Amino acid sequence: MAIQGSKFKCLLVFATVFFILLKLMEERHEVLKDSEITVEEYSYRKELNQIRQEVSAVPVQYVAVAEFTVPLSILKDDVEQYFNNLTIPIWLQNSTEITDINITAECQQTLIGVQCVCQNHYVWANNNCFTYPACDNVSAGACGCINAKPSGQMCIPKSELPVFDLTIRIDMNDNAKLINFTQSDLQSAVYFAYQSDTILQVSKVDLTTECHLNSSGYQCKCGDQYFWPCDKCVSYGYCDSIINATCGCINGFPKDGQFCQPKTELTEISRTISMRIDEEFDSTLTNTLSEKYKSHSSIIISSVDSVYQSTLSSYKAGSVTITRFRPGSVISDFRIVTTSNTLDFSKANAQLASALTAKGLLVSANSFAQTEEDMLYDLKNGKIYPGKNMVLTCNTPDPNIPKITWSMNDINIEHSTKYQFSTDNKTLTVTSTNDGDNGKYACTMTFNSMPYISFQKMSIQPSPEVNVNTSKTLLCDGSPIRLQCCAESSYTIQWSLNTATGQQSLTDPKTICNTYTQNINKTECEKNDKIQTFTCGIRDNAGSLHSSVPVTITVTSKKSFNCFNAQFGAGNYNDIKPGACDANSVGNVTARCMLNPTTSKYDWEIVENSCVLRVLQDLLNRAKFLRAEDVPSFLGEILNATEANADEITRSTVNIVAVVGLLNSTSNVSQSFRVDQSIMRNFLKTVDVIGSINARNTWLQLNKHNTTEQTSSLLLKSTEDMGKTLTNESFSITTKTTQLSRTSTNGPFFGTFGINSTTQIAIPMFNGTTLITTIVFSLFNTVLPVRNTTYNHSQTDTSINADVAAVIVEKPVHNISLTFDVQNNLLGSPQCVFWNFSLLNGIGGWDSTGCEVMPVVNHTDKITCKCNHTTSFSILMSPFKSNNLVLAFITYIGVGISLICLIVCFIIEGIIWKPMTRNDTSYMRHVSIVNIALSLLIADICFIIGAAIVKEGEPTPEGSCSTATFFMHFFYLALFFWMLFSAFLLLYRTVVVFAGMSRTKMMVIAFTVGYGAPLLIAVITVAVTAGGKGYVQEDSACWLNWKKTKAILAFVIPALTIVAINFLVLLVVLCKMLKRGVGATTQPDEKHTIVVIARCVAILTPLFGLTWGFGIGTMVSSALGLHIVFAILNSLQGFFILVFAVLLDSKIREELAGKLSLRNISSNRTRSTSTGPSSSSGQGFFDRFWRRNVYHVADSSGIAAASSSHSDTFVNT
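Counting restarts for each chain, with residues numbered from 1 along the sequence as it is written. Selection of residues for local features in this predicted model requires a pLDDT of at least 70, selection of side-chain atom pairs for listing and counting requires 80 or more, and totals for whole chains, interfaces and linings are taken over all residues. Water and hydrogen atoms play no part in the side-chain values, which are based on all heavy atoms of the structure.

### Some points on the nonpolar core
(1) Moving on: Residues Ile 300, Tyr 308 and Phe 334 are the most contacted members of the largest nonpolar core, which totals 81 residues.
(2) Moving on: Working definition: helices are DSSP H or I runs of at least four residues, strands are E runs of at least two. Numbering for both runs from the N terminus. In terms of residue count, the dominant contributor to this core is helix α12 (residues 653–669) (seven residues).
(3) Moving on: Not counting residues up to four positions away in its chain, the partners in contact with Tyr 308 are Tyr 315, Phe 334, Ile 336, Phe 345, Ala 348, Asn 349 and Leu 352.
(4) Moving on: By convention a nonpolar core is built from buried Ala, Val, Leu, Ile, Met, Phe, Trp, Tyr and Cys residues, the set being connected through side-chain atoms within 4.5 Å. Whether a residue is buried, partly exposed or exposed follows from its accessible area with a 1.4 Å probe, protein chains only, as a fraction of its type maximum: under 20%, in between, or over 50%, in that order. Formed by 60 residues, the second largest nonpolar core is a distinct cluster that contains Val 927, Ile 932, Phe 966 and Ile 1137. Any two residues having at least one pair of non-hydrogen atoms within 4.5 Å are treated as being in contact.

So this is what it looks like as structure tokens:
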């Protein structure tokens, strides 16, 4: 036996270890066979063989069930003893641990068959006890022995028996004997009745309800831990107290068979009550942190809790919570908890209305309704597409409610072909839906003595806005055919090709856009046209075809067409063809085949563009059904879309019209409630985008066309209307271009407003407290046109020259004063005007009625307007331009004279060039003069071109005007830098700084300074300012920008710096001349040149510097005299160069006279000047100065100078 036991132990350990390792490594069933022992895996629960592992750090746990078949020679006691002696846990290799080993069952062969007996805490399940009859008692759905060996099943732990809790209600007749039963007697009777049941086991017996008959009827009391619900306490009357909406005794016997309920099963019903408050909705009620929200919530919660506790017995005290406030006067949604579904709210709501009214919230007794939202249609059923039926189901709180009515947007619906009801009115079918069926649907009934409303906002998917290539003819040049079809994201799009056998799918279905490209071999279309018809199919999410668009593409080798274009295809002169918008837009583009006069080639010219961004079109579709409660989120979407697409919107008239339409829709809906600060800020930030300087040209186009000229007026009106609906709070909003201020006052009102504090508003007196809203637009001069009753379209000679200020006052105003900072000091003749929305048949325009101009003492840059209007208005400073014909005459005549003088200068230089450039100093002087004249000549020509490009008051075309401005900037700077080189040349020849420098080196330095430095400055200026569109002026002239980027400083600073440097050079030269011996090394034939250079620098530098000094003055002052002086000096610079740099040079005059055979005239004039001071400007001073300080030095070196001719020659050579 010992040997057999040892053998058994070895085999048992081997079998166990083998099974577990095999399970871990291979996770599949295996059979270990031995001559004496067979090991099989069984499972008493399917999930026990499942691997339970949540994360890799948690060990894997297995429950393995094995069957061992052993010979009878091995005793049962030996097996049990072996397992009992095992040390648990048992560690195996591969980090495996055996945590427990149990013997579950023992099966032996008996005389009547096999008997399987469960061991320890294991039992056979009830189904095994009945299938293989039990050989012991069946108790609690289990047995310990069965007369068979089940295939694949083993005993299971008692703790894992499937147990079901059943509650059995036993009703007993009310005879005297039973009534006298005690609780213990009842329990004994029940236990006795079920003690023989093999499945059921009585765990607890409770006495729930005990009803006694007395003189007044039945009285039913609840047992311990049981209660009567509130509706029973109210319906039958309670014979004790009501606590927490329950009672323990009622005066009656419930007819519906209901008895007392366990307190653990107390039913709590949460319901939403909607209450209408008679006051204007304030959007601050949507902000849980606002004072108004807190105040209203506190009043409602305390009132509801107090009233409902005293009137509704099933109301759970302290359960009221505010869900939200929404428009419609003010609707407050709050939730309460009750323990009964059947209540009478009529009395409670009447008392609640009185309590709320006493606290300042006007509520009537019929202002209450129980509401349920989003219960009519299950969104899981899918989106509703146009043309489909919409089925709404009203889920009633009581199936026996007799009357149900339906409404859409609070308007009752009657049975018709469009609206069909079921027999019981619980179902509404809206047939063939379209956009007009969007809205709020509701079914209304009466329940608990007040309306019960179930409502839901339904949205029909918009009809697809299909943006697809149009049919066209393309050139057979090997280019591929590219097709694109776009629609709303709720649809799928697919391309197919029409063939003789049907449609052939070309692409997989996609959303938003689907693109198909077909490569074309030239051999396919060289001989014959290749014609194909493609179809863009639009399907809903269910796969049903909603619409399809055919596109015919003809590829031809014919070149007889004038215009070819991938977008519009082929066409002849004057043909009109439609084209598709880009993928992000909807609409179409129309082009005409025209001859381009610049290139002399035919091309498609767009004549109409109705492409609007898809995101804006989607918002426009939704705006048709916009509700007040959706305004905050909807306006946020408008702002996000506008800011994200700012560049595309500001360049497109269609997109700006779309945004203005969205703002107008929002403003109209907002008139039903009070707008808070956050809503208004989003509105103004959207206005900032479409009213920016980048949209200036787009607004000019809008204001010129009859169909869109009201857009700017609509934008201003929408903004004012929003300002009229603001909450009764004081606040301020500042955006990039607009400032809004909301102020409460009861006396005189005065303030400075605008983003740059450029507008002052004063109202002397009010009667009582009032709210004032001011909205100051700093860039609305880019939006509003200058039109009035005289000019229906914008006036080119007039501009809006100040902020646009809208003042909104709740009380009548008879005296208001506005002081504006003038934006452009060059304009005069101011007019005080306001925007009259009814002017020009409702288009709107400026009107001066009731306003007058009041000058501001000691402030030429401010204008005060006084008006006597009694309603809200917008004040605009619109000064008309002064008559600048004098300035224009001076400028153009002066420039003409300057150009003539410069041409004469070139002619003279050409005549006398060779004899006058014999030495290096003279050569470089004349090179400087020629380049100074050339720079000024080109700059003046560019000035004339720039003046022709843009007119006063009109916006500057960026491309052409930028080119003209660049060359003006460059060549005007070159003029000054060549003057700087002349000064350096003077310094060089006087102080001998660059002694020994060759002419070539001097030329390199001259052109580097004269043209290199100006080019570098001009290029840097373009690079820094052009990106932000701040290189040129916004309007009136082609010149460097001042207001936005101060780009003009890139000219003024270098120019005035050179003027200062030249003066310093002159001072150094004069100091050197005052010293004896200076210039001794100077050759006689160069001294005249040095004197002439000094004279030119001394005279021209102040003239040029003074000119641009007056130019700076014109930027800050509108004084006419200052502008006239600047115009004279600036336009006559060529004349100054001819006179002071050429004609006053006696050597040039002499050489020129000789060339023209007028030497005698020149000689007589020369001799007359030698006996006394020269009459030339500055000539006599330099002659006397040079003789005194230089001549005698030269004379001491042995050079004869006694004769007047030699002296004259020295000075005038």
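### Regarding helix α10 (residues 631–644)
(1) Moving on: For a helix, the expected span equals 1.5 Å multiplied by the number of residues minus one. Taking 1.5 Å per residue, 14 residues should reach 20 Å; α10 reaches 20 Å between its end C-alpha atoms and fits that length.
(2) Moving on: Check the buried side of α10 and you find it contacts α9 (614–623), α11 (646–650), α12, β45 (673–674) and α13 (677–690).

### Notes on the confidence of the model for the protein chain
(1) Moving on: Per-residue confidence from the predictor is reported as pLDDT, which spans 0 to 100. When the pLDDT values of the protein chain are averaged, the result is 79; 79% of them are 70 or greater.
(2) Moving on: In the model, residues 176–180 has pLDDT below 50 throughout and makes five contacts with residues more than four positions away in sequence or in other chains.

### Focus on the state of the cysteines
(1) Moving on: A pair of cysteine sulfur atoms is labelled a disulfide when the two atoms are within 2.5 Å. Here the structure, examined in full by the defined rule, presents 16 disulfides.
(2) Moving on: Between the sulfur atoms of Cys 476 and its disulfide mate Cys 525 the distance is 1.9 Å. Around the S-S axis, the bridge from Cys 476 to Cys 525 shows a dihedral of about 70° and counts as right-handed. Taken as a pair, Cys 476 in the loop between β30 (472–475) and β31 (481–486) and Cys 525 in the loop between β35 (513–518) and β36 (530–539) lie far apart in primary sequence, 49 residues in all.
(3) Moving on: On the basis of relative accessibility, which here comes to 10%, the residue Cys 476 falls in the buried class.
(4) Moving on: Cys 901 takes part in no disulfide bond, and the closest cysteine sulfur to it belongs to Cys 905, at a distance of 9.2 Å.
(5) Moving on: On the basis of relative accessible area, Cys 905 is assigned to the buried category, the value being 1%.

### Overview of unusual backbone geometry
(1) Moving on: Its identity is not glycine, yet Asn 448 carries a phi of approximately 55°, on the positive side.
(2) Moving on: Along the chain, the position of Asn 448 falls in the loop between β27 (439–447) and β28 (450–458).
(3) Moving on: We classify Asn 448 as buried; its relative accessible area is 7%.
(4) Moving on: The phi dihedral of Leu 840 falls on the positive side, at around 55°, and the residue is not glycine.
(5) Moving on: In this fold, Leu 840 is placed in helix α16 (residues 839–842).
(6) Moving on: Take Leu 840: its relative accessible area is 19%, and that puts it in the buried class.

### Section: the environment of Phe 750
(1) Moving on: Here Phe 750 lies in strand β48 (residues 749–753).
(2) Moving on: On the accessibility criterion, Phe 750 (55% relative accessible area) is exposed.
(3) Moving on: Through-space distance from the C-alpha of Phe 750 to that of Ile 763 is 6.4 Å; in sequence the pair is 13 residues apart.
(4) Moving on: Among residues more than four places away in sequence, those in contact with Phe 750 are Gln 760, Ile 761 and Ala 762.

### Considerations on helix α24 (residues 1133–1143)
(1) Moving on: In terms of burial, α24 is a largely internal element, nine of the eleven residues being buried.
(2) Moving on: Of the positions making up α24, those classed as buried are Gln 1133, Gly 1134, Phe 1136, Ile 1137, Leu 1138, Val 1139, Phe 1140, Ala 1141 and Val 1142.

### Description of the packing of aromatic side chains
(1) Moving on: Two rings belonging to Phe, Tyr or Trp (six-membered ring only in the last case) form a pair when the distance between their centres is within 6.5 Å. Interplanar angles under 30 degrees mark stacking, angles over 60 mark edge-to-face geometry, and anything in between is tilted. The tally for this structure, following the rule as stated, stands at 28 aromatic pairs.
(2) Moving on: Ring plane angle 15° and centroid distance 6.0 Å describe the contact between Phe 749 and Phe 753, whose orientation is recorded as stacked. Phe 753 carries the same exposure label as Phe 749, and that label is buried.
(3) Moving on: Aromatic pair Phe 970 and Phe 971: ring centres 4.7 Å apart, planes at 65°, arrangement edge-to-face. One exposure class covers both Phe 970 and Phe 971, and it is buried.
(4) Moving on: Following the ring pairs from residue to residue traces out a cluster consisting of Phe 966, Phe 967, Phe 970, Phe 971, Trp 978, Phe 981, Phe 1007 and Tyr 1011.
(5) Moving on: Criterion for a charge above a ring: Arg CZ or Lys NZ at most 6 Å from the ring centre, at most 35 degrees from the ring normal. We note Arg 999 situated over the ring of Tyr 923; from NZ or CZ to the ring centre the distance is 4.1 Å.

### Description of the side chain of Thr 338
(1) Moving on: Locating Thr 338 in the fold gives a position in strand β20 (residues 330–338).
(2) Moving on: Polar side-chain contacts of Thr 338 include one of 3.0 Å to the side chain of Arg 271.
(3) Moving on: If we ignore the near neighbours within four places in the chain, the residues touching Thr 338 are Thr 267, Glu 268, Ile 269, Arg 271, Ser 314, Tyr 315, Lys 316 and Leu 343. The definition of a polar contact used here is a pair of N or O atoms within 3.5 Å, where within protein one atom must be able to donate a hydrogen and the other to accept one, and adjacent residues in sequence count solely through side-chain atom pairs.

### Things to note about the pairing of β28
(1) Moving on: We treat two strands as partners when DSSP finds at least two bridges between them. The pairing of strand β21 (residues 368–373) with β28 spans four bridges and is classified as parallel. Residue pairing across strands places Gln 370 opposite Tyr 452, the latter belonging to β28.
(2) Moving on: The antiparallel hairpin formed by β27 and β28 contains two residues in its connecting segment, where Asn 448 sits at a positive phi of about 55°.

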